[in-house]
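What follows is the residue order along each chain.
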Amino acid sequence: MNIRRKICIAVLIVFLCSNFFNTEAVNALADNEKEKKIAFLTFDDGPCINNTQKIIDILKKNNIKATFFIVGQKADENPKAMKELVSSGMCIMPHTYSHEYKIFKTLNDYENDLTKCINTIEKYTGKKKFVYVRVPGGSDNLVSNRYVLRDIRNDIIKQGRYYVDWNVSSGDATAHYVPRDKIINNVKEQCTDKKIAVILMHDAYYKKTTVESLDEIIKYVKDKGYTFKTFDEISDAEKDELIRIRVINRKQKID
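This section reports on the structure supplied with the text. (Residues numbered from 1 in each chain as written. Predicted model: local features only at pLDDT ≥ 70, side-chain atom pairs only at ≥ 80, totals over all residues. Heavy atoms only, no water.)

Tallied over the entire structure, the rule returns 1 cavity of 30 Å³ or more. Taken as a whole, the largest cavity spans an internal volume of roughly 40 Å³. Here the lining of the largest cavity is composed, by residue class, of 4 nonpolar, 2 polar and 3 charged. (1 Å grid on protein atoms, 1.4 Å probe; cavity = no way out; pocket = protein on both sides within 12 Å on 5 of 7 lines; lining within 4 Å. Points joined across faces, edges and corners; volume = space filled by probe spheres on them. Nonpolar A, V, L, I, M, F, W, Y, C, P; charged D, E, K, R; others polar.)

Our focus in this paragraph is the nonpolar core. The biggest cluster of nonpolar side chains holds 65 residues, and the ones touching the most others in it are Leu41, Ile199, Val221 and Phe231. Not counting residues within four places of it along the chain, the set of residues in contact with Ile199 comprises Ala39, Phe40, Leu41, Thr42, Val168, Val187, Cys191 and Val221. (Core = buried A, V, L, I, M, F, W, Y, C linked by side-chain atoms within 4.5 Å. Buried < 20%, exposed > 50% of the residue type's maximum accessible area, 1.4 Å probe, protein only. Contact = heavy atoms within 4.5 Å.)

Before going further, it helps to spend a moment on the pairing of strand S2 (residues 67-71). For S2, the tally of buried residues reaches 5 of 5 residues, placing the bulk of the element in the interior. Burial of the side chains of S2 extends over both faces: Thr67, Phe69 and Val71 are buried on one face and Phe68 and Ile70 on the other. Sheet analysis places strand S1 (residues 37-44) next to S2, joined by 3 bridges and oriented parallel. Within the sheet, the bridge partner assigned to Thr42 lies in S2 and is Thr67. Relative to strand S3 (residues 91-96), S2 runs parallel, the two sharing 5 bridges. When the sheet's bridge partners are listed, Ile70 is paired in S3 with Pro94. (Helix = DSSP H or I, 4+ residues; strand = E, 2+ residues; numbered from the N terminus. Pairing = 2+ DSSP bridges.)

What follows is about the packing of helix H2 (residues 52-61) against helix H4 (residues 79-87). Viewed as axis vectors pointing N to C, H2 and H4 meet at an angle of 15 degrees, and their least axial separation amounts to 9 Å. When the axis of H2 is compared with that of H4, the two are roughly parallel. The chirality of how H2 crosses H4 is left-handed. Counted together, Thr52, Gln53 and Ile56 of H2 and Ala81, Glu84 and Leu85 of H4 form the full contact between these two elements. (Axes fitted to C-alpha atoms, helices over the stretch in contact; angles between N-to-C directions. Parallel < 35°, antiparallel > 145°, perpendicular 65-115°, else oblique. Left-handed = near helix turned anticlockwise from the far one by under 90°.)

This is how it looks when you write it as structure tokens:
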């Protein structure tokens, strides 16, 4: 075999091996993306004087951040707790200013309340743009007129925002007191089959067992292979998936 032919064969072998391993690498990367699991830990109704700092301390200990859908009035009542959320780098998004269900009487009532909440967050954070909103009681709650609620959902979308519900509920708001083990089990049961989990918890004055359950919940979710993210960090692909599974913009058609 002459030298030229040997060189050609060697080059061909290198080329084929290179493509084989590149293909394997691409397929492995694609499989890894398919298996990737994300958890968005969210807290409603804070900040509060007693539990917000405890929640922040647990999050810091576990080296994760969470999204806090805050009540503007509570921020004004508890400025120290609100400033701790800001200085800790937590994601802060609007929930409501008053959390009184009279805001659902008309679209204008809701808009005024949401604007007041956004202005309050701006005051503490300097942030001007808030893309994600959580409607009190959820986007299809049963305490408001369904036509007003439809108009609220449509208005949020028209403003270029997204309304966020959840697909994992800790159940910590189902009663004044919910046992720690029940909260933990609720999260465990609902996280078993989800690629993306948006976990609902509450940062309110009486939610002592929420705080007590948090460490174990975080450990469980990590052990199940989830990576924690906030809504400041959400990717377009994750947003689109949450829209598809109706956690974001649950009723996205403007009817």
